[in-house]
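# Report on the structure
Next come the chains, spelled out residue by residue.
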Amino acid sequence: MTRLLVGSEGTLGLITEITLKLQGIPEAIRSARCSFRSVDEACQAVMMTIQYGIPVARIELLDEMSVRAANQHSGLDLPEVPLLLLEFHGSDAGVVEQSDTFAQIAEEFGGFDIAATSTPEERNKLWQARHDMYWASLGLRPGAKGISTDVCVPISKLADCVSAARSKAEEMGLIAPIVGHVGDGNFHALLLIDMESAEEREKADTYVSWLNDLAISMEGTCTGEHGIGQGKRPYLVRELGETTRFMAAVKAALDPDNILNPGKILIDG
């Protein structure tokens, strides 16, 4: 039942008990950052890092707009070009070897301003800037509201999808900084919108719809992290096709009175 319930957003049942498994703190943690001239080069470096088998604990992408926001909000002085942030866990010698190997890969794809640190204060400063990206991005257009959307595609399609997403936003006149948990092909676009403008709201809806369809066309998913909920229900049908009928049948069997989070995920649920 666990795998059936996970991701169902309460439409199939309620979780009443959770068992938490604790894991030990790594002997050593090392963070690294690397700038690139283009998002494509950064994504290519991500793909090669994963293919090489480097055990990266986390790897995050910020496009140039996001880096600019982070510099302004967190007082950093990073080059305002696409950036990768990484973290390695293991032994003291292991994390140094991993970060050095990544640096060699990054340089093959034009990476520069490469730096790595095991100092907690320096690591925390970088990752705090990443965690504050939502608030930092709002500073790019004071007074605007942020509409966040995400998609996930195979790593092999990541560079094309991110580049297309950035180009489309620029073409539509949208301010849409992009960040991503790119180790699994997932990225987020934050659309900064004047919610009082019907035209801008319509543009945002059009962009989200276009991005969902693009991800699906690349054999990805319309959402990697935010969930289907209500807003992306039509895209689930496009993505899964007839499978959604079986999902609805399971819903009807487990919740015949439709009292568990009705109206979520399934259009006919």
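Presented here is a report on the structure given in the accompanying data block. (Residues numbered from 1 in each chain as written. Predicted model: local features only at pLDDT ≥ 70, side-chain atom pairs only at ≥ 80, totals over all residues. Heavy atoms only, no water.)

On the surface, Met-1, Leu-4, Val-250 and Leu-254 cluster together to form a nonpolar patch covering roughly 360 Å² of accessible area. Position of Leu-4 relative to the elements: it lies in helix H1 (residues 2–5). Among the residues examined, Leu-4 registers a relative accessible area of 40% and is labelled partly exposed. (Patch = residues over 30% accessible without salt bridge, like charges linked within 9 Å, V, L, I, M, F, W, Y side chains within 5 Å. Areas by Shrake-Rupley, 256 points an atom, 1.4 Å probe, with all protein chains shown as cover. Salt bridge = Lys/Arg side-chain N within 4 Å of Asp/Glu carboxyl O. Helix = DSSP H or I, 4+ residues; strand = E, 2+ residues; numbered from the N terminus. Buried < 20%, exposed > 50% of the residue type's maximum accessible area, 1.4 Å probe, protein only.)

Tallied over the entire structure, the rule returns 13 salt bridges. In this structure, Glu-60 engages Arg-130 in a salt bridge whose closest nitrogen and oxygen atoms are separated by 2.8 Å. Pair noted here: Glu-60 is in strand E2 (residues 56–62) and Arg-130 is in helix H5 (residues 120–131), with a separation of 70 residues, a long-range link. We classify Arg-130 as buried; its relative accessible area is 10%. With a shortest N-O distance of 2.9 Å, Glu-200 and Arg-141 are connected by a salt bridge. Residue Glu-200 is found in helix H8 (residues 198–217), and its partner Arg-141 is found in the loop between helix H6 (133–138) and strand E5 (145–152); the two are separated by 59 residues along the sequence. Judged by its relative accessible area of 19%, Glu-200 is buried. A residue is classified by how much of its surface remains accessible, and Arg-141, at 24% relative accessible area, is partly exposed.

Another point: the nonpolar core. In this structure, Leu-61, Leu-84, Val-162, Phe-187 and Tyr-207 are the most contacted members of the largest nonpolar core, which totals 43 residues. Contributing elements (two or more residues each) for this core: strand E1 (28–35), helix H2 (39–52), E2, strand E3 (83–90), helix H4 (92–108), helix H7 (155–172), strand E7 (186–193) and H8. Per element, the largest residue contribution to this core is seven residues, and it comes from H7. In this structure Leu-84 touches Ala-32, Arg-33, Cys-34, Phe-36, Ala-42, Ala-45, Val-46, Glu-60, Leu-61, Phe-102 and Val-182, once residues within four positions along its chain are discounted. If you look at the next biggest cluster of nonpolar residues, it comprises 19 residues, including Leu-62, Val-67, Ala-70 and Trp-127. (Core = buried A, V, L, I, M, F, W, Y, C linked by side-chain atoms within 4.5 Å. Contact = heavy atoms within 4.5 Å.)

With antiparallel pairing, the seven strands of this open sheet are ordered in space as E4-E1-E3-E2-E6-E7-E5. Bordering the open sheet on either side are strand E4 (112–117) and E5, each of which pairs with just one other strand. Neighbouring strand axes in the sheet, compared pairwise and without regard to direction, differ in orientation by 15 degrees on average. Sheet topology places E1 next to E4; four bridges connect them, and they run antiparallel. Among the inter-strand pairings, Ser-31 is bridged to a residue of E4, identified as Thr-117. Packing of H2 onto the sheet brings it into contact with E2 and E3, and relative to E2 it is tilted by some 170 degrees. (Pairing = 2+ DSSP bridges. Axes fitted to C-alpha atoms, helices over the stretch in contact; angles between N-to-C directions.)

Read these as spatial facts, not as claims about activity.
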